[in-house]
Amino acid sequence: QEQLVESGGGLVQAGDSLRLSCAGSGRSFSGYTMGWFRQPPGKEREFVAGIRYGGGRYATSVLGRFTISREDAKNTIYLQMTSLKPGDTAVYYCAAGRSVLIPPTPEDYDWWGQGTQVTVSY
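Caption draft 1: Seen up close, the overall build of the chain. Per the secondary structure count, the chain includes zero helices and 11 strands. Counting helices and strands in the order they occur from the N terminus, the chain gives β-β-β-β-β-β-β-β-β-β-β. The C-alpha radius of gyration computed for the chain amounts to 13 Å, which stays within 12% of the reference 14 Å derived for 122 residues, consistent with globular compactness. Taking the principal axes of the C-alpha coordinates as reference, the chain spans close to 40 × 25 × 25 Å. For the chain, buried positions account for 44% of its 122 residues. Look at the contacts in the chain between residues 6 or more apart in sequence, and 61% of them connect residues 24 or more apart. When the accessible area of the chain is evaluated, it comes to approximately 6100 Å², of which 49% is carbon and sulfur surface. Between the centroid of the 12 positive side chains of the chain and the centroid of its 11 negative side chains there is a distance of 3 Å.

Following this line, the structure appears as structure tokens:
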């Protein structure tokens, strides 16, 4: 069964750092576009960052604070988050898609994890 499983979420204070991981299984996701999305309470799912060979793409709100990376040997991607703000509070999802670009829209991704909660307190 093909799946993505996120881990690393938790409760942190503003200014702290956190690293999320997303491990794939059931198929190799190397060569696929990988992305991180988040869904704040009461809001729609939004693009955070994506990565494909040749580069990454970030939402303006996280540029300079978050870094996406991948380790294909482990079929895993990461999201290093620094200088966290209460506005970063959300359920974070990883996703994989076949697009040769790094689309910021959820509809362009075919596999999704179950999500991990990140809560940033004041």
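Caption draft 2: Quick peek at the state of the cysteines. In the structure shown here, the tally under the stated rule is one disulfide. The partner cysteine of C22 in its disulfide is C94, sulfur to sulfur 1.9 Å. Linking C22 and C94, the disulfide has an S-S dihedral of approximately 45° and is accordingly described as right-handed. Here C94 lies in strand β9 (residues 90-97) and C22 lies in strand β3 (residues 18-25), a separation of 72 residues in the sequence. For the pair formed by C22 and C94, the shared burial category is buried.

Caption draft 3: Structural detail: the pattern of salt bridges. The final tally for this structure, using the stated rule, is seven salt bridges. Residues R98 and D110 are paired through a salt bridge, measuring 3.4 Å at the closest nitrogen-oxygen approach. Of this pair, R98 sits in the loop between β9 and β10 (111-112) while D110 sits in the loop between β9 and β10, and the two are 12 residues apart along the sequence. Overall, the relative accessible area of 41% leaves D110 in the partly exposed class.

About the criteria used
- Residues numbered from 1 in each chain as written.
- Predicted model: local features only at pLDDT ≥ 70, side-chain atom pairs only at ≥ 80, totals over all residues.
- Heavy atoms only, no water.
- Helix = DSSP H or I, 4+ residues; strand = E, 2+ residues; numbered from the N terminus.
- Rg over C-alpha atoms; globule rule 2.2 N^0.38 Å.
- Buried < 20%, exposed > 50% of the residue type's maximum accessible area, 1.4 Å probe, protein only.
- Contact = heavy atoms within 4.5 Å.
- Areas by Shrake-Rupley, 256 points an atom, 1.4 Å probe, with all protein chains shown as cover.
- Lys, Arg positive; Asp, Glu negative; His and termini not counted.
- Charge placed at Lys NZ, Arg CZ, Asp CG, Glu CD.
- Disulfide = S-S within 2.5 Å.
- Salt bridge = Lys/Arg side-chain N within 4 Å of Asp/Glu carboxyl O.

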